[in-house]
Amino acid sequence: MPHASRSTALPELTALFGQVQQHFLDVIVPLWQGPGWNADMALPYEALDAAHQPLPAQRYRAMACARQLYLFSSLIGVVDNAEVRAAALFRSLQRHFHDAEHGGWFYSIDAQGKPLDQRKDLYTHAFILFACAHYWDKSRDSLAESTLNAALEIIGRRFATGDGLYEACLERDWLTLQTGPLQNPLMHLAEAFLATLAVREDPQTQKALLELCTAMHKQFVDPQYGVLMEKPLGAVDNWYEPGHQFEWYFLLESSALLRDSKLHRALDRAFAFTEQYGVLESCGAVRAMLDLDGNGRPRDSTQRIWAQAEYLRALTLRADSEAVVLRQLQALQQRFLHAGGWHECRDENGEVSRKDMPSTTPYHLATCYSGLAEYLR
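The present account deals with the structure reproduced in this document. This structure is a prediction, so every number in the text was calculated from the model and none was measured.

## Brief notes about helix H5 (residues 122-139)
Phase 1: With 18 residues, H5 extends 25 Å between its outermost C-alpha atoms, agreeing within 8% with the 26 Å of an ideal straight helix rising 1.5 Å per residue.
Phase 2: Of all 18 residues in H5, 14 are buried; the element is thus mostly enclosed.
Phase 3: Once H5 finishes, Arg140 follows within two positions and takes phi at roughly 55°, a positive value.

Structural data, given as C-alpha cells:
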C-alpha cells in the first residue's frame, strides 16, 4: 500500500501516534530537561525513579551522554533550547570522557567526575559516532565533524580485527581483553556507519559497513534458522534476542545500500520465525532472550520497552502491516507508557518489574517514533 494512503486508511493509527508523540514531548523529554539533568556536571543522571527523583549517582556513562546528545539533536527545531542542551552534551562528552593520553573515550566516570571504568568499549564508541553524525547534521559545528572523524579513525585502527569485525572491548591503552566480537556493539556500529553515510559521502565508511555486514552474516547468522546470534557461531552458551533481530532488520531494510545483502535476506526470511517465538500473541509483548533449540525456548521472558519499540519500528517496513502496526502501538502505549513517564520492564507475567527510568531509553522511543512518522508520511 503506498505511503500516501496509510493515514486515510487508518485514521485511528494516525490519531494514536499523535497522542503517543505528544506524550513524548510533554512528559518524557521534560524529565531530561529538568530532574534528569545534573547542571553541575552538564550530564544526564543515569536514571530517575517513579517520583522523578534521580537515583543516587554512582557513575555517568559516555554512552548515556551520547544517546542524549542524539535525542536533543533530533529535537532541534522541535523543542525550545534543544540546540543549547545538545551543545552542552557534546562538550561534556569531550570534557568528561575523552582520554587525552591514549585516545578514544572512557566507559564511565564516578559521581565526582573522575574516570571510573577506563576500558574502551566498541558500544560506547559506536554511540559517540552515531550521536556526532546527528549533531553535526543539525548544528554544522566543525568540532562535531572532527570528533566524528576521530571516532571513525580510532574504531578502524584500534577495534578492527581485519576480517570485517571489531573487538567488543579493550584495555584503556588498547591492549586486548580477548573479548572478541559481539553482536550488540557491532549492530550499533552499523547504525553509526549508516548515520555517517546519511550526512556525507564517505567511501571508506561505506566499505567498512559492507564488510561488517558480510562478516556478520558469515559469523553470526545461524544457517538453519537465519537468526543473528549474540555471540559468533560456535561460541559456548549462545542465544538470540528478538529485539535485536527487529533492530537489525530495520537498519538493513531501510538502507538502499544494505537491502539486498545476504544479511538482510537472512533476517527477512527469519522475521516470521522471530515473531512466532519472540512475540506473545496474546498481548504483543516481546520476549528478551531465546535459546535456539528448534522450539525457541525462552531464556529470559522479561518484556522491555526498547524491544517493544524496535519491533514496532521494524513493522513499519513490512508489507501490508497497518493492522499489526496499530496493534503494537496500542500495546506500547497501554503496557509501557503512563502519565508520569514509562515502565522500563515487565516480567513474564506482565507485572512491572523495573520502576526506574534510565536516561538511555528515550533514544529507542525517538528512533521508533521517527520510523512511525516516516511510515505515516
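What follows picks up the thread again.
## Description of the side chain of His23
Phase 1: Within the secondary structure, His23 is located in helix H2 (residues 11-33).
Phase 2: The exposure class of His23 is buried, given its relative accessible area of 16%.
Phase 3: Residues within four places of His23 in sequence aside, it is in contact with Ile28, Leu337, His338 and Gly341.

## Regarding the state of the cysteines
Covalent bonding between the sulfur atoms of two cysteines is what defines a disulfide.
Phase 1: Within the structure shown, the criterion is met by 0 disulfides.
Phase 2: Left unpaired, Cys169 is separated from the closest cysteine sulfur, that of Cys65, by 19 Å.
Phase 3: Of all cysteine sulfurs, the one in Cys283 lies closest to Cys345, which takes part in no disulfide; the gap is 14 Å.

## Quick notes on the pattern of salt bridges
Phase 1: What the rule picks out here adds up to 20 salt bridges.
Phase 2: A salt bridge links Asp356 to Arg354, with the nearest nitrogen and oxygen atoms 2.7 Å apart.
Phase 3: Given the relative accessible area of 15%, Asp356 is considered buried.

## Points about the packing of helix H11 (residues 305-315) against helix H13 (residues 361-376)
Phase 1: Close contact between H11 and H13 brings their axes to 9 Å; oriented N to C, the two are set at 15°. Here H13 runs roughly parallel to H11, going by the angle between their axes. As H11 runs across H13, the sense of the crossing is left-handed. For the pair H11 and H13, contact is made by Ile305, Trp306, Ala309, Glu310, Leu312 and Arg313 and by Thr361, His364, Leu365, Thr367, Cys368, Gly371 and Leu372, respectively.

Cut-offs and rules
Residues numbered from 1 in each chain as written. Predicted model: local features only at pLDDT ≥ 70, side-chain atom pairs only at ≥ 80, totals over all residues. Heavy atoms only, no water. Helix = DSSP H or I, 4+ residues; strand = E, 2+ residues; numbered from the N terminus. Expected span 1.5 Å × (residues − 1). Buried < 20%, exposed > 50% of the residue type's maximum accessible area, 1.4 Å probe, protein only. Contact = heavy atoms within 4.5 Å. Disulfide = S-S within 2.5 Å. Salt bridge = Lys/Arg side-chain N within 4 Å of Asp/Glu carboxyl O. Axes fitted to C-alpha atoms, helices over the stretch in contact; angles between N-to-C directions. Parallel < 35°, antiparallel > 145°, perpendicular 65-115°, else oblique. Left-handed = near helix turned anticlockwise from the far one by under 90°.

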